[in-house]
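Take a look at the letters that make up each chain.
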Amino acid sequence: MSIALELKGVGRRFLQGENELTVLDGADMAISAGEMVALVAPSGSGKSTLLQIAGLLEKPTSGDVVVGDRDCSRLDDKARTAMRRRAIGFVYQFHHLLPELSALENVMIPQLILGRSRKDAQARAKTLLGYMRISARAEHRPAELSGGEQQRVAIARAVANEPQVLLADEPTGNLDPTTSDHVFQSLTTLVREQGLAALIATHNHELASRMDRIVTLHGGRIVPKSV
Ligand SMILES: Nc1ncnc2c1ncn2[C@@H]1O[C@H](COP(=O)(O)OP(=O)(O)OP(=O)(O)O)[C@@H](O)[C@H]1O
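Per chain, residue numbering runs from 1 following the sequence as it is written. Where totals are concerned, whole chains, interfaces and linings use all residues; where local detail is concerned, this predicted model gives features only for residues with pLDDT of at least 70, and gives and counts side-chain atom pairs only at 80 or more. The basis for the side-chain values is all heavy atoms of the structure; hydrogens and waters are excluded.

*Asks:* Please explain the packing of aromatic side chains as it appears in this structure.
*Replies:* The description of an aromatic ring pair rests on the distance of the ring centres and on the angle between the ring planes. Between the rings of Phe, Tyr and Trp (Trp by its six-membered ring), a pair exists once the centres lie within 6.5 Å; its type follows the angle of the planes, with under 30 degrees stacked, over 60 edge-to-face, and the other angles tilted. Taken as a whole and assessed by the stated rule, the structure comprises 1 aromatic pair. Centroid distance Phe-90 to Tyr-92: 6.0 Å. Interplanar angle 5 degrees. Geometry classified as stacked. Using a relative accessible area of 36% as the deciding quantity, one classes Tyr-92 as partly exposed. Note on exposure labels: buried denotes an accessible area under 20% of the residue type's maximum, exposed denotes more than 50%, and partly exposed covers the range between, all computed with a 1.4 Å probe on protein chains only.

*Asks:* Explain the pairing of strand E10 (residues 221–224) to me, please; I cannot follow it from the model alone.
*Replies:* Remember that side chains alternate between the two faces of the sheet whenever the strand is regular. Pairing between strands is defined by DSSP: at least two bridges between the two strands are required. Under the DSSP-based scheme used, a helix requires at least four consecutive residues in state H or I and a strand at least two consecutive residues in state E, with every element numbered from the N terminus. Pairing analysis gives 4 bridges linking strand E9 (residues 213–218) to E10, with the strands arranged antiparallel. In the strand pairing of E10, Val-215 is matched with Pro-224.

*Asks:* Quick question: what am I supposed to make of the sheet that holds strand E5 (residues 70–71) here?
*Replies:* Read across the open sheet, the 4 strands follow the order E2-E1-E4-E5; overall the sheet is antiparallel. Taken across any chain shown, the strands that pair with only one partner, and hence form the sheet edges, are strand E2 (19–32) and E5. Inspection of the sheet shows strand E4 (residues 62–67) paired to E5 by 2 bridges, in the antiparallel sense. The residue of E5 that forms the bridge with Val-67 is Arg-70. Along the sheet, helix H1 (residues 47–54) contacts strand E1 (3–16), E2 and E4; its crossing angle with E1, the most-contacted strand, is approximately 125 degrees. Residues are treated as being in contact if the distance between any of their heavy atoms lies within 4.5 Å. Axis lines are fitted to C-alpha atoms, over the contacting stretch for helices. Their N-to-C directions set the angle, which ranges from 0 to 180 degrees.

*Asks:* Help me understand helix H4 (residues 118–131), please; the structure alone is not making it clear to me.
*Replies:* Structural remark: α-helix, 3.6 residues per turn; residues separated by three or four positions point the same way. An expected span of 1.5 Å times one less than the residue number is assigned to each helix. Between its first and last C-alpha atoms H4 spans 20 Å; for 14 residues at 1.5 Å apiece the expected length is 20 Å, and the two agree. Residues of H4 that are buried make contact with helix H3 (103–113), helix H5 (147–158) and helix H6 (177–194).

*Asks:* Explain the pattern of salt bridges to me, please; I cannot follow it from the model alone.
*Replies:* Proximity of charged atoms lets side chains of opposite charge pair with each other. When a carboxyl oxygen of Asp or Glu is within 4 Å of a side-chain nitrogen of Lys or Arg, the pair counts as a salt bridge. By the definition in use, this model includes 11 salt bridges. For Asp-212, the salt bridge goes to Arg-192, with nearest N and O atoms at 3.0 Å. Of this pair, Asp-212 sits in the loop between helix H7 (205–209) and E9 while Arg-192 sits in helix H6, and the two are 20 residues apart along the sequence. We classify Asp-212 as partly exposed; its relative accessible area is 39%. The class of Arg-192 is partly exposed, set by a relative accessible area of 38%. Each of the salt bridges in this network shares a partner with another, and the network as a whole consists of Asp-64, Asp-71 and Arg-74.

*Asks:* Teacher, can you tell me more about the sheet that holds E9 here?
*Replies:* Two orientations exist for strands paired in a sheet by backbone hydrogen bonds: parallel and antiparallel. Judged by pairing direction, the sheet is mixed, and its 6 strands sit side by side in the order E6-E7-E8-E3-E9-E10 without closing on themselves. The sheet is open, and its two borders are formed by strand E6 (88–91) and E10, each paired with just one other strand. Neighbour-to-neighbour, the strand axes of this sheet turn through a mean angle of 25 degrees, independent of strand direction. Judged from the 3 bridges that link them, strand E3 (residues 36–39) and E9 form a sheet pairing that is parallel. Each residue of the ladder has a partner; that of Val-37, found in E9, is Arg-213.

*Asks:* Before we go on, may I ask you to explain the site of the ligand in this structure?
*Replies:* Think of it this way: one heavy atom of a residue within 4 Å of a molecule or strand is enough to make that residue near it. Contacts to the ligand come from Phe-14, Gln-16, Leu-21, Val-23, Pro-42, Ser-43, Gly-44, Ser-45, Gly-46, Lys-47, Ser-48 and Thr-49. For the ligand, whose accessible area on its own is 630 Å², the fraction buried by protein is 60%. Breaking the shell around the ligand down by element, the ones donating at least two residues are E1, E2 and H1. A total of 3 residues in the shell around the ligand trace back to one element, the largest contributor, which is H1. The residue classification treats Ala, Val, Leu, Ile, Met, Phe, Trp, Tyr, Cys and Pro as nonpolar and Asp, Glu, Lys and Arg as charged. All others, Gly included, are polar. Taken together, the residues of the shell around the ligand sort by class into 4 nonpolar, 7 polar and 1 charged. Computed by Shrake-Rupley with a 1.4 Å probe, the accessible areas treat only the displayed protein chains as cover when residues are assessed.

*Asks:* In this structure, what is going on with the layout of surface pockets? I would like to understand it.
*Replies:* Cavity means a closed set of points on a 1 Å grid over the protein atoms alone, one where a 1.4 Å probe fits but cannot get out, pocket means an open set with protein on both sides within 12 Å along at least 5 of 7 lines, and lining means a residue has an atom within 4 Å of a point. Grid points are joined across faces, edges and corners, and a volume is the space filled by probe spheres set on the points. Counted as a void, the largest pocket has a volume near 540 Å³. Ile-88, Phe-90, Pro-110, Arg-157 and Ala-158 are the residues nearest the centre of the largest pocket, which is lined by 18 residues in total. When contributions to the lining of the largest pocket are tallied by element, the ones reaching two or more residues are helix H2 (77–87), E6, H3 and H5. Looking at the lining of the largest pocket residue by residue, the class counts come to 10 nonpolar, 5 polar and 3 charged.

Have a look at this one:
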């Protein structure tokens, strides 16, 4: 499988008052299309920082981020934003759906922003809600959906623009174990069907053990982890 996301020697330092804090220090990682990688690391070790850099929301202090065959390190802000919209999908612990729109419309919006026709956007949104096994709720607004259903919609929205990379930060952290399990199964189907490279931060060791491999952060580097 081809590599869809690669971090090469990524470093990230923050100034905290007079002190410099090194959070990432030569972090390397490559994720193939269709591969699911769990990121399991203690609080404060740099998971969010890593996801933000991998997702082109933040620039590393040093090193390179390659998405597909594109080296994104030297892109200006505008080009980086365009690349992010096209190539990266995000799922957070809380769904951030637009409350006044239906599930279907929430999945259509990012596609319309990128210039897809209403007809095409609607067709893809329906397909994705089907993969997430939530077609019956397509016309409902987020407030009318359960937590698990809301998160299914958020996942469908994250992949609406056919990204190469899916980044998730505790995507089922807000759900009870059974719902979490069902949402995770649907997420897995989607990753495989769409050939996404997925990096999923989670504290849930059981879910992590069902992914292709598990990594952690140690001394600012990405290292393999066993459960
Ligand atoms: N903008 C910033 N300025 C200064 N320090 C920061 C900044 N962002 C993060 N840090 C520091 O970097 C370290 C890693 O933070 P990060 O949020 O990436 O950790 P995390 O592993 O995601 O933690 P959690 O699981 O609690 O969310 C922390 O010590 C944090 O205080």
